[in-house]
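So the chains spell out like this:
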Amino acid sequence: MNKPNQHLVVPARSAGFALSELLLAVAVIALLVGISAGAYAFLRGGINADDQATKTIALAADIQKNWRNAGSYGTLAPAEINRLALIQKPLTWDGVNVQDGYGNIMRVSGGSTSFVLTIGGTVNPVAKDDCASIANRLATGVATNVSIGSTATAGVGPTAGQVTGGNPFKVGTTINQSNLGIGCNETNPVIAASFR
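Residues numbered from 1 in each chain as written. Predicted model: local features only at pLDDT ≥ 70, side-chain atom pairs only at ≥ 80, totals over all residues. Heavy atoms only, no water.

Draft legend 1. Spotlight on a nonpolar patch on the surface. A grouping of Leu24, Val28 and Leu32 is seen on the molecular surface, where their side chains present a nonpolar patch of about 280 Å² in accessible area. Examined against the element boundaries, Leu24 turns out to sit in helix H1 (residues 19–43). (Patch = residues over 30% accessible without salt bridge, like charges linked within 9 Å, V, L, I, M, F, W, Y side chains within 5 Å. Areas by Shrake-Rupley, 256 points an atom, 1.4 Å probe, with all protein chains shown as cover. Salt bridge = Lys/Arg side-chain N within 4 Å of Asp/Glu carboxyl O. Helix = DSSP H or I, 4+ residues; strand = E, 2+ residues; numbered from the N terminus.)

Have a look at this one:
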C-alpha cells in the first residue's frame, strides 16, 4: 500500500567543491600557464637579456683573442666570425649576417684599434627593460663605448670600429645614466658597443 504523502528524499549537496574538482581546476590552470609561458618564450625567440648580454660579451672576447695577433680589427667581418665558429646561441648565422637572439642583424665593424657590435633593431625590437639590462652589462668594464637609440650603429669607412649615432651611455669611463633611459625608450632601440 502506498502512503500518499511520502516523498522521495534526496540528500542535499554541500556547498563548495569536491577534492577531485579542485584538483582538476588546478591541473587546468597549470596547463594554461605552461602553454602561455611557452608561447611567450616562442614569440620572444626564447631569449632573455642576460643570455644575450653574456653571449655578446663572449663574442667580443673571442674576436679580441682571434684578431690580437693581426694588430688591427680591419679584417673583421660577419663571414670571418662565422668561419671561426665564434657564434654561440642565442646568436645565429643567417648565411650572410650574425643575428642577435631577437632576430635582428648585428652590425659588425672593425677598425685599426677597436670594433663594434650591435644588438636590437626593427625585426623584433628589444623591450626597454631588456635594453637597459643588456646595455648595463656591456658597459660594466667590458665595452669602451656604448650608445643606445634608434640611430645607434656601427661606423663604416673612416669611422669603422667606432660607435655612431644614438645617445652616448658610456664613453671611456664616463657613464651618462639619463641617456640609458632616453635611448632604451626610443622606438626600435639599438645598443651599439665598441671594444678594444
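Draft legend 2. Region of the structure containing the packing of aromatic side chains. What the rule picks out here adds up to two aromatic pairs. For the ring pair Tyr73 and Phe115, a centre distance of 4.8 Å and an interplane angle of 55° mean the geometry is tilted. With Tyr73 in the loop between helix H2 (49–67) and helix H3 (78–83) and Phe115 in strand E4 (residues 115–120), this residue pair connects regions lying 42 residues apart in the sequence. Just as Tyr73 is buried, Phe115 falls in that class too. Ring plane angle 25° and centroid distance 5.3 Å describe the contact between Phe115 and Phe195, whose orientation is recorded as stacked. Of this pair, Phe115 sits in strand E4 while Phe195 is found in strand E10 (residues 190–195), placing the two residues 80 residues apart along the sequence. For the pair shown, Phe115 and Phe195 are each scored as buried. Grouping aromatic residues by their ring pairs yields a cluster made of Tyr73, Phe115 and Phe195. (Phe/Tyr/Trp six-rings, centres within 6.5 Å; stacked < 30°, edge-to-face > 60°. Buried < 20%, exposed > 50% of the residue type's maximum accessible area, 1.4 Å probe, protein only.)

Draft legend 3. Quick look at H2. Taking 1.5 Å of rise per residue, the 19 residues of H2 would be expected to cover 27 Å, and the 27 Å separating its terminal C-alpha atoms lies within 8% of that figure. Here H2 has its buried residues at Ala49, Gln52, Ala53, Lys55, Thr56, Leu59, Ala60, Asp62, Ile63 and Trp67. Of the surrounding elements, those touching the buried residues of H2 are H3, E4, helix H4 (128–139) and E10. For H2, the N-terminal capping position is held by Asn48, with its side-chain oxygen 3.1 Å away from the main-chain nitrogen of Asp50. (Expected span 1.5 Å × (residues − 1). Contact = heavy atoms within 4.5 Å. Polar contact = N/O pair within 3.5 Å; in protein donor to acceptor, adjacent residues only side chain to side chain.)

Draft legend 4. Expanded view of unusual backbone geometry. Cis geometry is adopted by the peptide bond preceding Pro90, which originates at Lys89 and carries an omega value of 15°. Here Pro90 lies in the loop between H3 and strand E1 (92–93). Even without being a glycine, Ala85 presents a positive backbone phi close to 55°. Within the element layout of this structure, Ala85 appears in the loop between H3 and E1. What makes Ala85 exposed here is its relative accessible area of 64%. The backbone of Asn188 sits at a positive phi, close to 50°, despite the residue not being glycine. Here Asn188 is to be found in the loop between helix H5 (177–184) and E10. Asn188 gets classed as partly exposed once you look at its relative accessible area, which sits at 24%.

Draft legend 5. View of the pairing of strand E5 (residues 145–149). Counting buried residues in E5 gives four out of five residues, a clear majority hidden from the surface. As defined by bridge partners, E5 adjoins E10 across five bridges and the pair is classed as antiparallel. By the bridge assignment for E10, Ile148 is matched with Ile191. (Pairing = 2+ DSSP bridges.)

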